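If you want the building blocks of each chain, they are given just below.
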Amino acid sequence: MSLRFLSDTKYAQLSLDTIELSIAQNGRNVNGLFGGLSLTSAFQPIFSITHRRPVGYEGLLRAFEPNGTAVSPLEVFHSIQTESEAILLDRLCRNLHLRNFLSMADETSWIFINVSPQVIVNGKHYGAYFSDLLQRYGIPPHRIVVEILEGGIHDEALLAEAVGYYRELGCLVAIDDFGAGHSNFERIWRIAPDIVKLDRSVIAQAAQNRSVARVLPNLVNLIHESGSLALIEGVETENEALIAMDSGIDFVQGFYFGRPSEELIQPGAEDNRIAELCGKFKTYSDDLEARQRKELTQYVEAFKRSASRIQAGACIEQACAEFLGQERAERCFMLNAEGMQLGKSHVSRYRENKMDPRFLPVSNAEGANWSRRHYFRRAVNNPGEVQTTRPYLSVAEANMCITLSIAIQADEDTRVFCCDLDWRGT
């Protein structure tokens, strides 16, 4: 029996007993009926890189015509005509995914299930369901990660109510597709999800743009500091997997690690891909560092020579002439022991002719206080040692740069000598 066609003139009661009229046992698994289609579950593994094994699975819909022809899930969802149909399909899918998963799963893995925004907003009008489902089949709520589409609910009060409901049941909550569309970090801070799932577009852009790949670890750190674990979806290639690993991500999901399947990965089954990836990551990480270190070497050596000349009594302009003649050199400047810039920045002639006039208000840094900068604090704490930053956005011209710094003695006082390198496109 299929319950697809329901009237919205009055809220229909879509209780557990009503939903299960559309469900039939099929061997070990259960299938559902919706609008003449046969529905079942597929499960895509979610791996912890650290543990080198799947720690959960996302339940995904699979639909078939009576003759066995597959119908895409998008077609099924786009065919929905009424609110009650949307509630019905959502409840039917959750029932199938949970029961099919637990018939195969080990005793600890998570099951990730998507909840329709319509269900979150209007589901309570259609009668109790989810708590009844968990109780009837003895499903431990701590095994369930409820995925809520980040941009699917605009009413913050309703979102908070939904998150509170699933948390009270004992489930984990994940924000899905973060980074797509108009994602909002304020929402992450407000509802504090257990897991933030980064949209496929994030890793795809990081694979195409080195600047995005550099920023990705900071995004993951921000999620961690907000109190959530981080998962990247849609990892499809080895390069994307290595970038994900470099970001410090907790979990990964995508075709590279495993396609959706009606069967789960058997406990204890060896996954050589993860072991191989971990081996390749060391090479990948070492190569990144080695390339940067190799390119930086000439600049660091020239920087040291400039610092030695200043300590020997040369003025900063003379001491920096050699350094500022190199391709990536942008500017040199001197700070006092409190981080205050002494005098103007000395800019390479090449850079001086290329100054972006849009940033003239911040081009003169004389008297600026750089004491908040890591390169200043590290230099003061490690006198005589050259400090090198990660690439970051320079306030002077809003371009990516690397800053070299060193604390030296000049004019019988502690000074922090600094130089910026243009690091765009690297």
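Residues numbered from 1 in each chain as written. Predicted model: local features only at pLDDT ≥ 70, side-chain atom pairs only at ≥ 80, totals over all residues. Heavy atoms only, no water.

Student: Describe the overall build of the protein, with residues and values.
Tutor: Within the protein one finds 15 helices and 17 strands. On C-alpha atoms alone, the protein measures out to a radius of gyration of 28 Å, which is more than a quarter above the 22 Å that the 2.2 N^0.38 rule sets for 426 residues. Taking the principal axes of its C-alpha atoms as reference, the protein extends roughly 90 × 45 × 35 Å. Looking at the 426 residues of the protein, the share that counts as buried comes to 48%. (Helix = DSSP H or I, 4+ residues; strand = E, 2+ residues; numbered from the N terminus. Rg over C-alpha atoms; globule rule 2.2 N^0.38 Å. Buried < 20%, exposed > 50% of the residue type's maximum accessible area, 1.4 Å probe, protein only.)

Student: Any details on the pairing of strand β12 (residues 329-335)? Residues and values, ideally.
Tutor: Side-chain positions along a regular strand alternate between the two faces of the sheet. Burial within β12 is extensive, with seven of its seven residues counted as buried. For β12 and strand β17 (residues 413-422), the ladder comprises six bridges, and the chain directions are antiparallel. What sits directly across from F333, in β17, is C418. Once β12 ends, the chain turns through five residues before running back antiparallel as strand β13 (residues 341-347), passing G339 with a positive phi of about 90°. (Pairing = 2+ DSSP bridges.)

Student: How would you sum up the packing of helix α8 (residues 200-208) against helix α9 (residues 210-225)? Please name residues and give values.
Tutor: Angle between the axes and distance between the axes: these two values describe a pair of packed helices. The N-to-C vectors of α8 and α9 enclose an angle of 125°; their axes lie 5 Å apart at closest approach. If you check the angle between α8 and α9, you find them oblique. The chirality of how α8 crosses α9 is left-handed. Here α8 contributes V202, I203, Q205, A206 and Q208 to the contact with α9, which in turn contributes R210, V212, A213 and L216. A class-by-class count of the residues in the contact of α8 with α9 yields six nonpolar, two polar and one charged. (Axes fitted to C-alpha atoms, helices over the stretch in contact; angles between N-to-C directions. Parallel < 35°, antiparallel > 145°, perpendicular 65-115°, else oblique. Left-handed = near helix turned anticlockwise from the far one by under 90°. Contact = heavy atoms within 4.5 Å. Nonpolar A, V, L, I, M, F, W, Y, C, P; charged D, E, K, R; others polar.)

Student: Quick rundown of the packing of aromatic side chains? Include the residues and the values.
Tutor: One pass over the structure, following the stated rule, counts 14 aromatic pairs. A ring pair is formed by W110 and F112, whose centres lie 6.2 Å apart and whose planes are at 80°; its orientation type is edge-to-face. Exposure class is identical for W110 and F112. Each is buried. For the pair Y256 and F257, a centre-to-centre distance of 5.1 Å together with 85° between the ring planes defines the contact as edge-to-face. Here Y256 matches F257 in class, with each residue buried. (Phe/Tyr/Trp six-rings, centres within 6.5 Å; stacked < 30°, edge-to-face > 60°.)

Student: I'd like a rundown of unusual backbone geometry, residues and numbers included.
Tutor: One non-glycine residue, D177, adopts positive backbone phi at about 60°. Mapped onto the secondary structure, D177 falls in strand β8 (residues 172-178). With relative accessibility at 24%, the residue D177 sits in the partly exposed group. In the Ramachandran plot, A192 falls in the positive-phi region, its phi being about 45° despite a non-glycine side chain. Turning to its location among the elements, A192 is positioned in the loop between α7 (185-191) and β9 (195-198).

Student: Outline helix α11 (residues 272-311), supporting the account with residue identities and numerical values.
Tutor: If you check α11, its first and last C-alpha atoms are 56 Å apart, about what 40 residues at 1.5 Å a residue would give, namely 58 Å. At L296, α11 is deflected by roughly 40°, the largest bend along its length. Just downstream of α11 lies G313, where phi reads positive at about 115°. (Expected span 1.5 Å × (residues − 1). Bend = angle between axes of the 7 residues up to and from the residue.)

Student: Go over the nonpolar core, please, and point to the residues and values.
Tutor: By size, the foremost hydrophobic cluster in this structure holds 79 residues, and its most contacted members are L39, L98, F130, I144, L198 and F257. Here this core gets eight residues from one element, more than from any other, and that element is helix α3 (residues 83-102). The next biggest cluster of nonpolar side chains, apart from the first, holds 24 residues, and it includes L296, Y299, L324 and F417. (Core = buried A, V, L, I, M, F, W, Y, C linked by side-chain atoms within 4.5 Å.)

Student: So what's going on with the pattern of salt bridges? Residues and values would help.
Tutor: Counting across every chain of the model gives 20 salt bridges. Close ionic contact of D17 with R136 constitutes a salt bridge, the shortest N to O distance being 2.7 Å. Here the residue D17 occupies a position in helix α1 (residues 16-19), and R136 occupies one in helix α5 (residues 130-136), the gap between them amounting to 119 residues. Residue classification places R136 among the partly exposed residues on the basis of a relative accessible area of 42%. Its salt-bridge partner being R331, residue D420 comes within 3.5 Å of it at the nearest N-O pair. Of this pair, D420 sits in strand β17 while R331 sits in strand β12; the two residues are 89 residues apart in sequence, bridging distant segments of the chain. (Salt bridge = Lys/Arg side-chain N within 4 Å of Asp/Glu carboxyl O.)

Student: Describe the environment of A368, listing the residues and the values that go with them.
Tutor: Here A368 is to be found in the loop between α14 (349-352) and α15 (374-381). Overall, the relative accessible area of 23% leaves A368 in the partly exposed class. Separated by 25 residues in sequence, A368 and L393 have C-alpha atoms that sit 17 Å apart. When sequence neighbours within four positions are dropped, the list of residues in contact with A368 reads G339, M340 and Q341.

Student: Please provide a residue-by-residue account of the pairing of strand β3 (residues 37-48), values included.
Tutor: With eleven of twelve residues buried, β3 is to be regarded as a mostly interior element. Alignment of strand β2 (residues 29-34) against β3, held across three bridges, turns out to be antiparallel. Bridging from a neighbouring strand, F34 pairs with L37 of β3. The turn linking β2 back onto β3 is made up of two residues, and G35 within it adopts a positive phi angle of 55°. Strand direction decides the pairing type here: β3 and strand β4 (residues 53-64), joined by eleven bridges, are antiparallel. Along β4, the bridge assignment pairs L39 with A63. Where β3 hands over to β4, the hairpin turn is made up of four residues, of which R52 adopts a positive phi near 60°.

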